[in-house]
Amino acid sequence: MVAVTQERWTAVDQYLTDLLAPADPALAATLASSEAAGLPAIQVTPNAGKLLMLLAMSHGAKNILEIGTLGGYSTIWMARALSQGGRLLSLEANSKHAAIARANIAGAGLADVVEVRLGAALDTLPLLEAEGRGPFDFIFIDADKTGYPDYFTWALRLSRPGTMIIADNVVRNGAIADPESTDPNVQGVRRFNAMVAAEPRVTATAIQTVGSKGYDGLLLAMVL
Ligand code: SAH
Ligand code: DHB
Ligand code: MG
């Protein structure tokens, strides 16, 4: 058996990306402008972005919520799944990230279907509820990991039966399986995973992933 290393995960990710999810001008410009502005390169990989798009498409999602925009890379993938009349709202706490994301989203021709809302998600989520922006039919949680438990509570409040809730970074290089971890990010995601598991209103699974961003995972929860 060949040694399976980060180098190999990256090579295979590149191979699959070149075949199945090659960058188009809007996605390439999004990554380039994010890098030029010094944003951390923590966006989903191209294959993971396309997976989010395919999941949203297969779900027929028309009202998508994202928590954690960064430069708008995952936002653009998911917004491309929207059919006529669909909308995506993405929440971002960092004004520089939000400004870059808005420019990237406009460059992708999605300015009229995507709104980037500036503010800490725990401040903006109650406003969405008050504005009657829910229920959302597809929710992607990808902001600060310590906030995941609260984001799950809000995702449930803003959902309906059939809503798909997806969370990024639930494996974190395997650290997630360590109950003694003192890393607040690991503790936050562990609490989130436990809440999902204990919540009778959802049924969920998680998949481990490897690729150019290393070893991590996605959790998928369907609201019953
Ligand atoms: N979904 C993006 C990556 C998001 S990175 C992609 O895959 O392309 C996480 C983002 O969450 C960062 O931009 C960070 O500024 C933002 N964030 C961190 N804490 C937040 C909070 N409390 N509310 C909203 N956004 C937050
Ligand atoms: C981090 C955040 C992410 O959303 C991600 O996909 C990878 C890393 C981070 O904060 O380190
Ligand atoms: Mg992430």
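Note that the coordinates shown come from a computational prediction; the quantities given were computed from them, not determined experimentally.

Cut-offs and rules
Residues numbered from 1 in each chain as written. Chains lettered and ligands numbered in written order. Predicted model: local features only at pLDDT ≥ 70, side-chain atom pairs only at ≥ 80, totals over all residues. Heavy atoms only, no water. Near = heavy atom within 4 Å. Polar contact = N/O pair within 3.5 Å; in protein donor to acceptor, adjacent residues only side chain to side chain. Areas by Shrake-Rupley, 256 points an atom, 1.4 Å probe, with all protein chains shown as cover. 1 Å grid on protein atoms, 1.4 Å probe; cavity = no way out; pocket = protein on both sides within 12 Å on 5 of 7 lines; lining within 4 Å. Sits in = over half its atoms within 2 Å of the grid points. Nonpolar A, V, L, I, M, F, W, Y, C, P; charged D, E, K, R; others polar. Helix = DSSP H or I, 4+ residues; strand = E, 2+ residues; numbered from the N terminus. Expected span 1.5 Å × (residues − 1). Buried < 20%, exposed > 50% of the residue type's maximum accessible area, 1.4 Å probe, protein only. Arc of directions from axis to C-beta. Contact = heavy atoms within 4.5 Å. Patch = residues over 30% accessible without salt bridge, like charges linked within 9 Å, V, L, I, M, F, W, Y side chains within 5 Å. Salt bridge = Lys/Arg side-chain N within 4 Å of Asp/Glu carboxyl O. Donors = N, O, S within 2.8 Å, 3.2 Å for Na, K, Ca; no water.

Trainee: Honestly, the site of ligand 2 in this entry has me stumped. Any pointers?
Mentor: All residues adjacent to ligand 2 are I42, D142, K145, D168, N169, R172 and K213. I42 is positioned such that a nitrogen or oxygen atom in its backbone is 3.2 Å from an oxygen atom of ligand 2. Contact distances for ligand 2 include 2.7 Å between an oxygen atom and a side-chain N or O atom of N169. About the coverage of ligand 2: the protein hides 69% of its 290 Å² of free accessible area. Comparing atom positions with the cavity grids shows ligand 2 to sit within the largest pocket. Of the residues that constitute the shell around ligand 2, the class distribution is 1 nonpolar, 1 polar and 5 charged.

Trainee: How do you make sense of helix α3 (residues 46-58) when you look at a structure like this?
Mentor: Three- or four-residue spacings in an α-helix give side chains the same orientation, since the helix completes a turn every 3.6 residues. Here α3 is 13 residues long and its end C-alpha atoms lie 18 Å apart, about the 18 Å a rise of 1.5 Å per residue gives. Among the residues of α3, those classed as buried are G49, L52, M53 and A56. Viewed along the axis of α3, the buried residues span an arc of 100°, placing them on a single side of the element. Residues of α3 that are buried make contact with β1 (63-67), α4 (73-79), β4 (138-141) and β5 (164-168).

Trainee: Where do I start with the environment of R172 in this structure?
Mentor: Tracing the backbone through its elements, the reader meets R172 in the loop between β5 and α8 (184-198). For the pair R172 and Y215, spaced 43 residues apart in sequence, the C-alpha separation works out to 6.6 Å. Beyond its immediate chain neighbours, meaning those up to four positions away, R172 contacts K145, N185, V189, Y215 and D216.

Trainee: Would you mind going over unusual backbone geometry with me for this structure?
Mentor: Glycine aside, residues mostly have negative phi, and peptide bonds are mostly found in the trans state. Residues G134 and P135 are joined by a peptide bond in cis, for which omega reads -5°. In this fold, P135 is placed in the loop between α6 (121-131) and β4. Within the chain, N169 stands out as a residue other than glycine whose phi angle is a positive 65°. Structurally, N169 is set in the loop between β5 and α8.

Trainee: Hey, could you run me through the site of ligand 1 in this one?
Mentor: Taken together, 22 residues form the shell around ligand 1, and within it S74, E92, H97, A121 and D142 come nearest. Backbone polar atom of A93 to a nitrogen atom of ligand 1: 3.2 Å apart, as the coordinates give it. Contact between ligand 1 and H97: an oxygen atom at 2.8 Å from a side-chain N or O atom of the residue. Its free accessible area being 590 Å², ligand 1 has 87% of it covered by the protein chains. Of the pockets mapped on this structure, ligand 1 occupies the largest pocket.

Trainee: What should I look at first to understand the environment of T153 in this one?
Mentor: Tracing the sequence through the fold places T153 in helix α7 (residues 148-157). You can call T153 partly exposed: its relative accessible area is 36%.

Trainee: Before we go on, may I ask you to explain a nonpolar patch on the surface in this structure?
Mentor: A cluster of nonpolar side chains, contributed by V12, Y15, L16, L19 and L20, occupies part of the molecular surface with about 480 Å² of accessible area. Structurally, V12 is set in helix α1 (residues 6-20).

Trainee: Got a minute to help me understand the coordination of the magnesium ion (ligand 3) in this structure?
Mentor: Six octahedrally arranged donors around a metal ideally form angles of 90 or 180 degrees; four tetrahedrally arranged donors ideally form angles of 109.5 degrees. For the magnesium ion (ligand 3), the full set of protein donor atoms is D142 (OD), D168 (OD) and N169 (OD1), and the range of their distances to it is 2.0 to 2.2 Å. Here the donor residues for the magnesium ion (ligand 3) map to a single chain with the spacing D-x25-D-N. Highlighted residues: D142 in the loop between β4 and α7 and N169 in the loop between β5 and α8, separated in sequence by 27 residues. Judged by relative accessible area, which is 9%, N169 ranks as buried.

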